[in-house]
Amino acid sequence: MNTFQVSIKETSNNSILKFEINQFITQHQSFEFNNIDEAKNSPLAQQLFYLPFVKKVYISGNFIAVERYNIVEWKDVQNEVAEQIESYLNDGGVVVEETSVPKKVPVTVYAESTPNPSAMKFVANKKLATSSFEFTSIDEAKLSPLATELFHFPFVKGVFIDENFVSITKYEVAEWNNITMELREFIRSYIEQGKEILLPDAQKVLNKTTEQLDKSFDDLDDISKQIINILEEYIKPAVASDGGNIQFTSYNPESKVVEVVLQGACSGCPSSTYTLKSGIENVLKEMLQDKISSVVAING
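Residues numbered from 1 in each chain as written. Predicted model: local features only at pLDDT ≥ 70, side-chain atom pairs only at ≥ 80, totals over all residues. Heavy atoms only, no water.

Named according to an unreviewed UniProt entry, the protein is NifU family protein originating from Formosa maritima. Of the protein, the UniProt comment under Sequence similarities (unreviewed entry) reads exactly: "Belongs to the NifU family." (UniProt positions renumbered as here; feature names shortened; annotations may be inferred.)

### Focus: the overall build of the protein
Within the protein, the secondary structure is distributed over eight helices and 13 strands. Relative to the compact-globule value of 19 Å for 300 residues, the protein shows a C-alpha radius of gyration of 21 Å, a close match. The C-alpha extent of the protein, read off along each of the three principal axes, is 60 × 50 × 35 Å. Per-residue burial over the protein gives 45% buried out of 300 residues. Partitioning the intrachain contacts of the protein with sequence separation of at least 6 by distance along the chain shows that 60% fall at a separation of at least 24. Roughly 15,400 Å² of accessible area belongs to the protein as shown, and the carbon and sulfur atoms make up 49% of that amount. Here the protein carries 27 positive and 42 negative side-chain charges, and the mean point of each set is 3 Å from the other. (Helix = DSSP H or I, 4+ residues; strand = E, 2+ residues; numbered from the N terminus. Rg over C-alpha atoms; globule rule 2.2 N^0.38 Å. Buried < 20%, exposed > 50% of the residue type's maximum accessible area, 1.4 Å probe, protein only. Contact = heavy atoms within 4.5 Å. Areas by Shrake-Rupley, 256 points an atom, 1.4 Å probe, with all protein chains shown as cover. Lys, Arg positive; Asp, Glu negative; His and termini not counted. Charge placed at Lys NZ, Arg CZ, Asp CG, Glu CD.)

### Notes on the environment of Trp74
Relative to the elements of secondary structure, Trp74 occurs in helix H2 (residues 74-90). For Trp74, a relative accessible area of 6% gives the class buried. In this structure, Trp74 is in contact with Asn14, Ser15, Ile16, Leu17, Phe19, Phe53, Val66, Glu67, Arg68 and Val81, ignoring residues within four places of it in sequence.

### Observations regarding the packing of aromatic side chains
Going through the model one piece at a time under the given rule, you end up with eight aromatic pairs. Between Phe19 and Trp74, the ring centres sit 5.9 Å apart and the planes meet at 70°, which makes this aromatic pair edge-to-face. Of this pair, Phe19 sits in strand E2 (residues 16-21) while Trp74 is found in helix H2, placing the two residues 55 residues apart along the sequence. Residue Phe19 is classed as buried on the basis of its relative accessible area of 0%. Measuring from centroid to centroid gives 6.1 Å for Phe160 and Phe165, while their planes differ by 40°, and the two rings are tilted. The class for Phe160 is buried, based on a relative accessible area of 1%. (Phe/Tyr/Trp six-rings, centres within 6.5 Å; stacked < 30°, edge-to-face > 60°.)

### Details of the environment of Ser12
Mapped onto the secondary structure, Ser12 falls in the loop between strand E1 (6-10) and E2. Using a relative accessible area of 85% as the deciding quantity, one classes Ser12 as exposed. Each C-alpha atom, one on Ser12 and one on Asn116, is 37 Å from the other, the two residues being 104 residues apart in sequence.

This is how it looks when you write it as structure tokens:
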């Protein structure tokens, strides 16, 4: 069973604090409760309303937002609330009864072209995952009901799921102008129905839980850690905007070669070699100087 971890995030409204959870607690549905009576179908929200400073509770996806009355400051109580939520979830507490009617939030999905002519990015206005996941076959997709369904389309070659988008790679047999609308509407409807995007244990099975990632990072040498931090801060946001992802694999201190995996729209992209050399390699060489000789992608 996965361990729930809660992190505290500030919002633009100083009366509202967001308690972000490392996994989803609702099936991409949203619930808003203004008082303890309205929260009768949410044992978790009811428990929070017993705190005298709680004014409103909003539950959605992988976070809980709480609005406070002005009788306290968040800095004085936020850790207590975070611990209470974390303990409740790890004790198997029910978040929202299945009979509850979610707050209707329109789901929108738009298609966005990528540098890879074989890949299209479908961006949603809802958070879909807490980590990135790539599936290159229906066998690999068993941890993702959404990816499994997408592979039922005969022209789907690969599926990459990140925080708020799905990148789909197609076979050459189909043209995007003939299938984009169909895929966009399928993904939008799937999310709107609150269906499962990823199985609850997907992160653990694929070694993507916070604990597993932290341990892997801690076991690395200092240069590898620096490389990962540079990739996360300077490279990944640009790569994600193109519907893909870059994942550090290894660093050889003798040859000074960095190996990475390109995922999603970046995998097999005609311009990936250029991106690798003129972008990623140059950035790492500039920031780590004589510690890097070259960057190679083990899959493209």
